[in-house]
Amino acid sequence: MDALAKAAGVKRYTLFTDAAGSAYALRHAAARKSVRRVVVDGGWLPSKSAFRALPEQMSTAMGELGLADWTWAKQSQWRVGPRMRRKIALRGVLRGVLGIKPLGLRVRLSGVLSDDALESTVFQRVQTTIASVQLNRVKQPILLLMGEKAPWAKTVPKQLKALPSKRRVQLVTIPRAGGMPLLEQPLATIEAIRAFVR
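Each chain carries its own residue numbering, running from 1 in the written order of its sequence. Reporting of local features is limited, given that this is a predicted model, to residues whose pLDDT is at least 70; pairs of side-chain atoms are given and counted only at 80 or more, and all residues count toward the totals for whole chains, interfaces and linings. Values shown for side chains rest on all heavy atoms present in the structure; no hydrogens or waters enter the calculation.

### Some thoughts on the sheet that holds strand β3 (residues 142–147)
Alright, step 1. Here a strand pair is declared whenever DSSP counts at least two bridges between the two strands. By the criteria applied, helices consist of DSSP H or I runs no shorter than four residues and strands consist of E runs no shorter than two, each listed in order from the N terminus. An order of β1-β2-β3-β4 is seen for the four strands of this open sheet, with the pairing classed as parallel. Taken across any chain shown, the strands that pair with only one partner, and hence form the sheet edges, are β1 (13–18) and β4 (169–174). The mean inter-strand angle of the sheet, taken between neighbouring strand axes irrespective of direction, is 15°.
Alright, step 2. Of the strand pairs in this sheet, β3 and β4 are connected by six bridges, and their pairing is parallel. Under this scheme, a helix contributes an axis fitted over its contacting stretch, all axes are lines through C-alpha atoms, and angles between N-to-C directions fall in the 0 to 180 degree range.

The structure is reproduced here in structure tokens:
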């Protein structure tokens, strides 16, 4: 980011990230005065408790169809190729994240999900990264964009109430969206970002 900002001639900038990259973005912001603000598309702040709650939240949101896809993809690694496993796993995850349980029943998927998403070692690395984030060191304002159908929609407000610096965090709930507001409801999401950066 530093090299990109320097090449663009930008001294201060807004960091935009999805929930998966929020730990890295917030660590970057905490270490640099050049970051003016942070926008998180997906709506949850990285913490040990939030990460531990994620599997149960995803399982509930994915429903039986999504869990069946995920389980099949994990157990079929010796029977089918990685491309098919990625497609099936992605379909199961998207059912939960987007809040559309019948997603893909009549649609042939073409998306790609990294093989790493099926490996437990990756989850351990992510947990280590998340645990290293010290939110009290992030002085910049943070905008959380959360879809009303996101798996973590009920827990994020509670998480924010527990923050000593909650005044620096603004939560905007996007109607008719799940865990990817910018993808699902781009106009409403962009409007929320515009209001935040003014």
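### Some points on unusual backbone geometry
When glycine is set aside, most residues are seen to have a negative phi, and most peptide bonds are trans.
Alright, step 1. The residue Arg176 is not glycine, and still its phi comes out positive at about 60°.
Alright, step 2. Within the secondary structure layout, Arg176 lies in the loop between β4 and α7 (181–184).
Alright, step 3. By relative accessible area, which is 57% here, Arg176 ends up exposed. Accessibility here uses a 1.4 Å probe with only protein chains present; expressed as a share of the type maximum, an area under 20% marks a residue as buried, one over 50% as exposed, and anything in between as partly exposed.

### Digging into the environment of Gly147
Alright, step 1. Among the structural elements, Gly147 can be located in strand β3.
Alright, step 2. Accessibility expressed as a relative area gives 0% for Gly147, which makes it buried.
Alright, step 3. Spatially, the C-alpha atom of Gly147 lies 5.6 Å from that of Gly179, the residues being 32 residues apart in sequence.
Alright, step 4. With near-sequence residues (within four places) excluded, Gly147 lies in contact with Ala153, Thr173, Ile174, Ala177, Gly178 and Pro181. We call two residues in contact whenever any of their non-hydrogen atoms come within 4.5 Å of each other.

### Thoughts on helix α8 (residues 186–197)
Given 3.6 residues per helical turn, the α-helix brings residues three or four places apart onto the same face.
Alright, step 1. Taking 1.5 Å of rise per residue, the 12 residues of α8 would be expected to cover 16 Å, and the 16 Å separating its terminal C-alpha atoms lies within 8% of that figure.
Alright, step 2. Within the span of α8, buried status applies to Thr189, Ala192, Ile193 and Phe196. Taken end-on, α8 shows its buried residues confined to a sector of 100°, consistent with a single buried face.
Alright, step 3. Along its buried surface, α8 packs onto β1, β2 (35–41), β3, β4 and α7. A helix is expected to span 1.5 Å multiplied by its residue count minus one. As used here, the arc is the angular range of directions from the helix axis to the C-beta atoms.

### Remarks on the confidence of the model for the protein chain
Alright, step 1. Here pLDDT means the predictor's own confidence in every residue, given as a number from 0 to 100. Chain-level statistics for the protein chain give a pLDDT mean of 76 and a share of 60% at 70 or above.
Alright, step 2. Ignoring residues within four places in sequence, the model shows residues 105–118, a span with pLDDT below 50, making 27 contacts including any to other chains.

### Some words on the pattern of salt bridges
Alright, step 1. One side-chain nitrogen of Lys or Arg within 4 Å of one carboxyl oxygen of Asp or Glu is enough to make a salt bridge. By the definition in use, this model includes two salt bridges.
Alright, step 2. As a salt-bridge pair, Asp2 and Arg32 come within 2.8 Å of each other at their nearest N and O atoms. You can see Asp2 sitting in helix α1 (residues 2–8) and its partner Arg32 sitting in the loop between α2 (22–31) and β2, a full 30 residues away along the chain.

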